[in-house]
Amino acid sequence: MSTVKFAVPKGSIETATFKILEDAWQSIVGSGRTYRIRLSDPEIEVKVLRPQEIPTYVQEGFYDIGITGKDWIREAKADVRILLDLEYGRVKQVFAIPEHLESNNLIELIEEFASRKKTLRISTEYLTTASSHIRDNSAYKKYFGDTSPMVITPWLRIGENRNVQIFLSFGATEAKPPEDVDAIFDITETGTTLVQNKLKIIDTVMESTAVLVANNTSLKDAKKREKIADMVALLKGVVEGRKKLHIFVNVKKENLNSLLASMPALKKPTISTLSEDGWFGVNTIIDKNEFIQIVPIMRKLAQGLVVMDPRQILPLDEIKLENYSDEPIS
């Protein structure tokens, strides 16, 4: 038996990850305080790790697949294959500064500190991404050329430009300004925590979601590749199912064609005769955002509407792993 080693994230997206696995018909044993859990599929070996570690561990082949955030893939510059956007854990990476500062964007912030010859101090967990984004800024290039901001951690200092310093944060990054640093580079979901800490966003770098990634070598193993393709199909079915509604409606024969002409569908509706002459049942899948638009039509043309949330919609004919991205995240 060829076992697929699967790394799943601990922390903010842990609960959502277990939920999507359960919705993909995997029973989970051992979730909670343990770092080793079991799924109902004996060919999948699971370990819970920090999402920061997963891109590198998958790249190096410690694990065949993993779930992590796009933000951590970019931070690690990991060479992994993105198989599926799971569409949860949606956050934005942003630069934020205290509300009392007048700068409205990163260019103005760098200009303000550089023109006054004052050191700009930034706190973040994303040292690589923050440094790269700052170096690409036009104001930074104007004042500091191709030098690298100084990155400071308890165990090393790299980068030659002491005028812009990036400090490693071990959490509670939003609490660092203004006493410890002048700005932060962090993730936010709604921005509420930033506002509560009297911070304002001046630059958005990227939007991140949880993604399923794979080791490139693992995808060349025929047995592992088949198992991974099965997993992608099941998880993609959940992702698609969350966007759809399964509806059943009864309609008179004279209204059937008008209803079908107005009704969206995933493919074609299923139509069946009812026990009462002159009546039909229509069964179809629609996008959730289309439902409100068709309710007035249903009220005029049909009766007995039943609406259900499908657990999965499996695109069995579309799962070809070679179609999935191996482009770097930017």
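Residues numbered from 1 in each chain as written. Predicted model: local features only at pLDDT ≥ 70, side-chain atom pairs only at ≥ 80, totals over all residues. Heavy atoms only, no water.

Visitor: Teacher, can you tell me more about the side chain of Thr209 here?
Guide: Within the secondary structure layout, Thr209 lies in the loop between strand 13 (199-208) and strand 14 (210-214). The buried category is assigned to Thr209, whose relative accessible area is 2%. A polar side-chain atom of Thr209 sits 2.9 Å from a polar atom in the side chain of Asp85. The contact partners of Thr209, leaving out residues within four places of it in the chain, are Thr68, Gly69, Lys70, Asp85, Glu87, Tyr88, Gly89 and Arg90. (Helix = DSSP H or I, 4+ residues; strand = E, 2+ residues; numbered from the N terminus. Buried < 20%, exposed > 50% of the residue type's maximum accessible area, 1.4 Å probe, protein only. Polar contact = N/O pair within 3.5 Å; in protein donor to acceptor, adjacent residues only side chain to side chain. Contact = heavy atoms within 4.5 Å.)

Visitor: Is there a simple way to explain the sheet that holds strand 16 (residues 270-273) in this structure?
Guide: In a beta sheet, neighbouring strands are held together by backbone hydrogen bonds and run either parallel or antiparallel to one another. Read across the sheet, four strands follow the order 16-17-15-18 without closing on themselves; strand pairing throughout is antiparallel. Two strands in the sheet have a free side with no partner beyond their single neighbour: strand 16 and strand 18 (302-308). Pairs of neighbouring strands in the sheet enclose a mean axial angle of 20°, with direction left out of account. Sitting on the sheet, helix 9 (residues 253-262) touches strand 15 (244-252), strand 16, strand 17 (279-287) and strand 18, and the angle it makes with strand 15 is about 150°. (Pairing = 2+ DSSP bridges. Axes fitted to C-alpha atoms, helices over the stretch in contact; angles between N-to-C directions.)

Visitor: Would you mind going over the pairing of strand 11 (residues 161-168) with me for this structure?
Guide: On any regular strand, side chains alternate: one points to one face of the sheet, the next to the other face. Sheet topology note: the strand 8 (residues 120-124)/strand 11 ladder contains five bridges and is parallel. Each residue of the ladder has a partner; that of Leu120, found in strand 11, is Val164. Where strand 9 (residues 149-152) and strand 11 come together, four bridges link them in parallel fashion. The partner of Val151 across the bridge, within strand 11, is Ile166.

Visitor: Is there a simple way to explain the nonpolar core in this structure?
Guide: Generally speaking, nonpolar side chains in soluble globular proteins are found buried as a group. By size, the foremost hydrophobic cluster in this structure holds 30 residues, and its most contacted members are Phe6, Leu21, Ile65, Leu86, Leu212 and Leu235. Elements with a contribution of two residues or more to this core: strand 1 (4-9), helix 1 (14-23), strand 3 (36-39), strand 4 (44-49), strand 5 (65-69), strand 6 (81-85), strand 14 and helix 8 (222-241). Counting residues per element, this core draws most heavily on helix 8, which supplies six residues. With near-sequence residues (within four places) excluded, Leu235 lies in contact with Ile20, Leu21, Ala24, Leu84, Leu86 and Leu212. Counting 26 residues, the second largest nonpolar core, distinct from the first, contains Ile110, Tyr126, Ala130 and Phe144. (Core = buried A, V, L, I, M, F, W, Y, C linked by side-chain atoms within 4.5 Å.)

Visitor: What exactly am I supposed to notice about the packing of aromatic side chains here?
Guide: The description of an aromatic ring pair rests on the distance of the ring centres and on the angle between the ring planes. Per the counting criterion, the structure on display carries eight aromatic pairs. On the numbers, 6.0 Å between centres and 75° between planes, the contact of Tyr126 with Phe185 is edge-to-face. Within this pair, whereas Tyr126 is found in the loop between strand 8 and helix 5 (127-135), its partner Phe185 is found in strand 12 (residues 183-188), the two being separated by 59 residues in sequence. Residue Tyr126 is classed as buried on the basis of its relative accessible area of 1%. The buried category is assigned to Phe185, whose relative accessible area is 0%. Pairing Tyr140 with Phe144 gives two aromatic rings, centres 5.0 Å apart and planes at 55°, and the pair type is tilted. Here the residue Tyr140 and the residue Phe144 both occupy positions in helix 6 (residues 138-144), the gap between them amounting to four residues, near one helical turn. A single burial state applies to Tyr140 and to Phe144, both of which are buried. An aromatic cluster is built from Trp72, Phe95, Tyr126 and Phe185, whose rings are joined through pairwise contacts. (Phe/Tyr/Trp six-rings, centres within 6.5 Å; stacked < 30°, edge-to-face > 60°.)

Visitor: What is the right way to read the pattern of salt bridges from this model?
Guide: Pairing between side chains of opposite charge can happen when their charged atoms approach one another. With the rule as written, the count across this model stands at 15 salt bridges. Residues Asp287 and Lys244 are paired through a salt bridge, measuring 2.3 Å at the closest nitrogen-oxygen approach. Pair noted here: Asp287 is in strand 17 and Lys244 is in strand 15, with a separation of 43 residues, a long-range link. Residue Asp287 is classed as partly exposed on the basis of its relative accessible area of 25%. Salt-bridge contacts for Lys288 lead to Asp309; the nearest nitrogen and oxygen are separated by 3.3 Å. Of this pair, Lys288 sits in helix 10 (residues 288-301) while Asp309 is found in the segment after strand 18, placing the two residues 21 residues apart along the sequence. Its relative accessible area of 36% is what places Lys288 among the partly exposed residues. In the salt-bridge network here, residues are joined through shared partners; they are Lys19, Asp23 and Arg242. (Salt bridge = Lys/Arg side-chain N within 4 Å of Asp/Glu carboxyl O.)

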